[in-house]
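Spelled out from the first residue to the last, the chains are:
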Amino acid sequence: MVKPWILIFFSFLYIGILFVIAYYGDKQSIQRRLAPYKSIIYSLSLAVYCTSWTYYGAIGNASTQGWEYLAIYLGPILIFIFGHRFLKRIAGICIENNITTIADFIASRYGKAQNLAVLVTLLAITGTLPYIALQLKAVATSYEVIASYSTPTIPFKFSAPFLKDTGLVVAIIMAVFSIIFGTRYVNASENHNGIILAIAFESVIKLFALICVCLFAVFSVYHGPADIVNQISESRLAHKLLLSPANLDDFWRTTFVTNTLLSVAAIFCLPRQFHVAFVEVDHIRDMEKSRWMFPLYLAITCLVVVPIAIIGLLLFEGKNVNPDMFLITIPIVAENQLMTLLVFIGGLSAATSMVIIAVITLSTMICNDIVMPVLFKFSKFKLKEHNDISGTLLLVRRLAIIAILILSYYYYRYISSFTTLASIGLISFVAAIQFAPAIVGGIYWKRGTRQGATFGLMAGFAIWFYTLFLPTLAGTAWFPRGFIDNGPWGINYLKPYELFGLDGWSPITHALILSLCANVGCYIYFSLTRKSNLLGRIQAAKFTQTEDQKSSTDSLP
């Protein structure tokens, strides 16, 4: 049994290592020394995509839904292999226009519209809160499981009081880390070399932990692959997971296609992923290695999930054990303290990397697009008279980081306690994909307008909010459970999961199809019926210009 004080000691030791890496990563001498490895660091930092959801939740998803879990890895692999030119085009636009956030990108494309930037920021915050809550939940659950030396049941209830909650401790540590290294100074390009180096380090740690647990489970808990194959033939659940015809049929059903589409869009629509992929890159050449390194990273992660899921099913068949925690319950049952500690540190890596980047990105958007424009309008602050407002910018961002983590903690503590990690992750993915029409249309369709992007986003997010976000509140003091089962005022056509009488789909597929259809429809309709102003047309021409067109323009005398 791993003592709680050992977990705490090594957790703070690990956080201390991250502090050291981030501190030295910001030094110019270190940056020059690491310059030849810039593309490798960039490729590893992209693995911030692999959060607690893919670390814990993918195993739980594989254990319950079978091969469906592959979709979350397949999407990014496909877009990096076949859509790399598209990704480089977004990065090139960001570098040329000094774009710092996804809100900045969308607003800049559609005539530098401040109102659109505010809308994107508010929607990004709402969509990201569940994802940050997921990280807090995963770390808190894993800590309680190890500290109590028990296997987590379904559903897993948080027993820790408020002041002793691990999730609160993690939120506080992440706030401190993000404030120290994300808001040390104002950088016009919003590059955070120290943090990116720390994120790359964390990517190595969490993959190393997964591989170690996989090998431990296969060769220590059991006696190699042959032994596992023999056990599978005697296990109803494990056999069904791999070989059942019904399960293989599900492989091609709408849920798999839906999740693949969501994971494709997540690479350029999630605010944190947009920041790491396009804002933190200094040169397009740094992206070259990512075309094979990041897919390889995901492929390895994807492969080690299967043996762990199978062994979890074999060990806990007939027991009410939470599949999301198979990764940590396997070494606990095997009474291997070192492996248990390694799993916990890997999970901490997966959670902290996502939270740090997410809160830094969102705080930048809040500061640049909401708070500072408001402060400039009030003459009593006299900001226009100051030559240096960096102190104000940093204060606003720090307060924003604290506010975001407070809201995320509240969501984790009081709302998401009985929701699986995969469900919470997919809710945020459906929110993020609402940015896709404005981004893709903004690059390839010159006629896309600010009105089209605005009404498209509003329509898509309204449906997402009603069909996915509000149901997570059902059963709380805010919404009764009948809201899901019967619809508001007992109107069946308004059931969140069967809106307009459309049933037979999973809640995620249902919400994605309705929200994306409304989004794309409004984007096209209002773009065709509303004309852009002069600045909007100039920006449209600038963003949709291909590399060949730029080259021919630059060659003109």
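Think of each chain on its own: its residues are numbered from 1, step by step along the sequence as written. With the structure being a predicted model, the display of local features is reserved for residues of pLDDT at least 70 and the display and counting of side-chain atom pairs for 80 or more, all residues being used for whole-chain, interface and lining totals. Note that water and hydrogens are dropped before the side-chain values are worked out from all heavy atoms of the structure.

Student: Requested: an account of the pattern of salt bridges, with residues and values cited.
Tutor: Basic side-chain nitrogens of Lys or Arg form a salt bridge, by our definition, when they fall within 4 Å of a carboxyl oxygen of Asp or Glu. A complete count under the given rule lists two salt bridges for this structure. For the salt bridge of K38 with D282, the shortest nitrogen-to-oxygen distance reads 3.2 Å. With K38 in helix α3 (residues 38-45) and D282 in the loop between α15 (271-279) and α16 (290-316), this residue pair connects regions lying 244 residues apart in the sequence. The residue E288 makes a salt bridge to K88 at a minimum N-O spacing of 3.1 Å. Taken together, the residues E288 in the loop between α15 and α16 and K88 in helix α6 (residues 84-97) connect sequence positions 200 residues apart. We count a stretch as a helix when DSSP gives it H or I for four or more residues in a row; a strand needs E for two or more, and each element gets its number in order from the N terminus.

Student: An account of empty space enclosed by the protein is requested, with residue identities and associated values reported.
Tutor: A cavity, in this analysis, means grid points on a 1 Å lattice covering only the protein atoms where a 1.4 Å probe fits yet has no way out; a pocket is instead an open set bounded by protein on both sides within 12 Å along at least five of seven lines, and a residue lines either one if it has an atom within 4 Å of a point. Grid points are joined across faces, edges and corners, and a volume is the space filled by probe spheres set on the points. All chains considered together, the criterion is met by seven cavities of 30 Å³ or more. Within this model, the largest cavity holds a volume of roughly 90 Å³. Taken together, 15 residues make up the lining of the largest cavity; nearest its centre are A124, G127, T128, L270 and P271.

Student: Would you mind going over the layout of surface pockets in detail, with residue names and values included?
Tutor: The space that makes up the second largest pocket amounts to roughly 420 Å³. Along the wall of the second largest pocket there are 23 residues; nearest its centre are L34, K38, N193, D282 and D286. Counting residues per element, the lining of the second largest pocket draws most heavily on α3, which supplies five residues. In this classification, Asp, Glu, Lys and Arg are treated as charged, Ala, Val, Leu, Ile, Met, Phe, Trp, Tyr, Cys and Pro as nonpolar, and every other residue, Gly included, as polar. Across the lining of the second largest pocket, the residue classes break down as ten nonpolar, eight polar and five charged.

Student: Go over the packing of aromatic side chains, please, and point to the residues and values.
Tutor: Side-chain rings of Phe, Tyr and Trp, where Trp is taken by its six-membered ring, are said to pair if the distance between their centres is within 6.5 Å; with planes under 30 degrees apart they count as stacked, over 60 as edge-to-face, and otherwise as tilted. By the definition in use, this model includes 28 aromatic pairs. With centroids separated by 5.3 Å and ring planes inclined at 85°, the aromatic side chains of Y23 and Y24 adopt a geometry described as edge-to-face. Exposure classes here rest on a 1.4 Å probe applied to the protein chains alone. A residue is buried below 20% of its type maximum, exposed above 50%, and partly exposed in between. Using a relative accessible area of 42% as the deciding quantity, one classes Y24 as partly exposed. Residues F461 and W464 carry aromatic rings whose centres are separated by 5.8 Å and whose planes lie at 75° to one another, so their mutual orientation is edge-to-face. With F461 and W464 both in helix α22 (residues 450-469), this residue pair falls three residues apart, about one helical turn.

Student: If you had to explain the side chain of S45 to someone new, which residues and values would you point to?
Tutor: Mapped onto the secondary structure, S45 falls in helix α3. Given a relative accessible area of 1%, S45 falls into the buried group. Only heavy atoms matter for contacts: two residues are in contact if any of them lie within 4.5 Å across the pair. In contact with S45, other than residues within four places in its own chain, are I196, I199, A200 and V276.

Student: Give a detailed account of the confidence of the model for the chain, specifying residues and quantitative values.
Tutor: A score between 0 and 100, pLDDT records how confident the predictor is in each residue. Summing up the model confidence of the chain, the mean pLDDT is 82 and the portion of residues at 70 or higher is 84%. Across the chain, the element-wise mean pLDDT spans from 48 in helix α13 (residues 245-250) up to 94 in helix α21 (residues 436-444). Overall, residues 244-248 carries pLDDT values under 50, and its contacts beyond four positions in sequence, including any with other chains, amount to nine contacts. pLDDT under 50 marks residues 551-557. Its contacts with residues more than four places away, or in other chains, come to one contact.

Student: Any chance you could break down α3 for me, citing the residues and the numbers?
Tutor: The element α3 is extensively covered by neighbouring structure, given that six of its eight residues are classed as buried. Every buried residue of α3 is listed here: S39, I41, Y42, S43, L44 and S45. Its buried side turned inward, α3 meets α2 (28-34), α10 (193-221), α15 and α16.

Student: Describe the environment of L44, with residues and values.
Tutor: With respect to the element layout, L44 can be found in helix α3. Among the residues examined, L44 registers a relative accessible area of 18% and is labelled buried. With 159 residues separating them along the chain, L44 and S203 place their C-alpha atoms 6.1 Å apart. With sequence-adjacent residues up to four places away left out, L44 is seen in contact with A200, S203, V204, M293 and Y297.

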